[in-house]
Amino acid sequence: MAKTKNKRPDGRKPSEMRKIEMEAGVIPNAVGSARFKIGDTEAIVGVYGPRELHPRKIRLADQGLLQCNYDLMSFSVSDRKRPGPSRRDRELSLVSSNALSNLVFLDKYPTQVIDVFIQIPQADAGTRCAGICAASLALADAGIPMKGLAGSISAGAIGDTVVLDLTKEEEDWADGATDIPLTYSPKTGFITHLQLDGEISKKNLFKAIDMGVKAAEKIVDMQEKTLKEKYKGGAVE
Amino acid sequence: MTKNGILLEERSVVIPGETLAKGMDYLPGHGTHRVKEEVRSSLIGLLDVKGSVLKIIPLKGVYIPKEGDKVIGQVTEISHNSWNIEINAPLTGNMYIAEASKSYIESDADLSRYYDVGDYVYAEVISVGRDNFSKLRMKNRMFKKLEPGLIIKVSPVKVPRLIGKRGSMVKTLKEKTNCSLIVGQNGLIWVKGKKREDELLAAKAIKYVERNAHLSGLTEAVKQKIGEWKNGKNKK
């Protein structure tokens, strides 16, 4: 597979995201919910709570707990994934919780829990980012007080080219690809989550983070538009 | 850039993180927070300006108990001196024996004789702890055990519309459907009519109000709708 200069396997430019679709309020029984699709990766999130936290011993006396539950469905990848939480799933649940906890006013709900269930029905790289984007939208949709919305995207490098939003094909590139998923909230100005998988030069790392932050801002803009559209005139469902 | 004051019109839809006003002239009320010189929204809702206080009327969310709220709940557990009452809030409410009735209850009495597990009661929130744990009271003539009827659940943020201005909506619903109706501020509504059809009509009307809570002139619309539904049934 030959890589022409500045062209990627699917014809995108290096700093171009895949096509994004999003929607709030997709699960009637949840307090808030959202669907987020980027390219072939899709996430559906349901938010429940604030509600009582069990078991009692993990309750926090001074603030609430935001508990994410990341689940890659067994049919979402080409090799069937064994159902149930794997080590990777548990890791990503924790990463998502940490990325979002900073944005929610948890001190209003001491001892209680806000449950965020992230389901990935279709995966083509960047599932944790899609999950966090959907979760941010769903939390806002659930009427939970937040400092602002968050956008999440993976930047990275293929060979020496810094690229945005890698697909599975690009991640598995023979020359070695680097993947940097990050979450950024423009309202607080914090990068609440940053991971690095692979090798990258210092110069390219900063370039990639910069690219990711700009893309996250764009995603937040889209989220805000989606919410405003849904609640236009105060209409709900 | 340094322009101060409210940036948005009253009643406009806001989303978390949106800047509502700049400068120190405005105070952050319910559903808002201050970041340096800005007042920002923390909720999805409609902007409400009360003098210099900005607050958000939420459009979504669970019921968070407030002192003085009158709620409908279901008894879930009886201990030797109190009842646990599920009130559709994050934490289950509790009612102590001394607050339970106008009459005196002996300390070793069988509490299920007063309110048994599964009974619905109409009660008042007397205090809310820091963790939203609520204590309830029924020590007033207006609070009572609810006889079997229809319990309807609506979104708690829609309850003010269901009550209407000075109870106008509740009054309309009662008159038009011939049902007795109690609206709990936690989003539970108890309906009791002489006929089953009346109760179902009331349920239909309540769901209609919930769906169209954002419209103005809702009381008139509901009157008309109930009339239509009644006529439609008679024709058949």
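Remember, it's a predicted structure, so these values are computed and weren't measured experimentally.

### Regarding the overall build of chain B
Here is step 1: Secondary structure summary: chain B contains four helices and 17 strands in total.
Here is step 2: Projecting the C-alpha coordinates of chain B onto the three principal axes gives extents of approximately 65 × 55 × 25 Å.
Here is step 3: Counting over 236 residues, chain B shows a buried share of 47%.
Here is step 4: As presented, chain B carries roughly 12500 Å² of accessible surface, and 49% of it is formed by carbon and sulfur atoms.
Here is step 5: For chain B, the distance from the average position of its 41 positive side-chain charges to the average position of its 27 negative side-chain charges is 7 Å.

### Digging into the pattern of salt bridges
All names here are of chain A.
Here is step 1: Inspection of every chain in the model, using the stated rule, returns 28 salt bridges over all chains.
Here is step 2: The salt bridge partner of Glu 170 is Arg 8, with a shortest N-O separation of 2.6 Å. With Glu 170 in helix H3 (residues 168–171) and Arg 8 in the segment before strand S1 (20–24), this pair connects stretches of sequence that are 162 residues apart.
Here is step 3: In this structure Glu 170 comes out as buried when scored by relative accessible area, which is 0%.
Here is step 4: The class of Arg 8 is buried, set by a relative accessible area of 7%.
Here is step 5: Salt-bridge contacts for Glu 52 lead to Arg 59; the nearest nitrogen and oxygen are separated by 3.7 Å.
Here is step 6: For Glu 52, a relative accessible area of 30% translates into the label partly exposed.
Here is step 7: Here the salt bridges do not stand alone but share partners, grouping Arg 8, Asp 10, Arg 12, Arg 18, Asp 124, Asp 165 and Glu 170 into one network.

### Quick look at a positive patch on the surface
Here is step 1: On the surface, a cluster of positive charge is contributed by Lys 176, Lys 195, Lys 230 and Lys 233 of chain B.
Here is step 2: Relative to the assigned elements, Lys 176 of chain B resides in helix H2 (residues 168–177).

Criteria and cut-off values
- Residues numbered from 1 in each chain as written.
- Chains lettered and ligands numbered in written order.
- Predicted model: local features only at pLDDT ≥ 70, side-chain atom pairs only at ≥ 80, totals over all residues.
- Heavy atoms only, no water.
- Helix = DSSP H or I, 4+ residues; strand = E, 2+ residues; numbered from the N terminus.
- Buried < 20%, exposed > 50% of the residue type's maximum accessible area, 1.4 Å probe, protein only.
- Areas by Shrake-Rupley, 256 points an atom, 1.4 Å probe, with all protein chains shown as cover.
- Lys, Arg positive; Asp, Glu negative; His and termini not counted.
- Charge placed at Lys NZ, Arg CZ, Asp CG, Glu CD.
- Salt bridge = Lys/Arg side-chain N within 4 Å of Asp/Glu carboxyl O.
- Patch = residues over 30% accessible without salt bridge, like charges linked within 9 Å, V, L, I, M, F, W, Y side chains within 5 Å.

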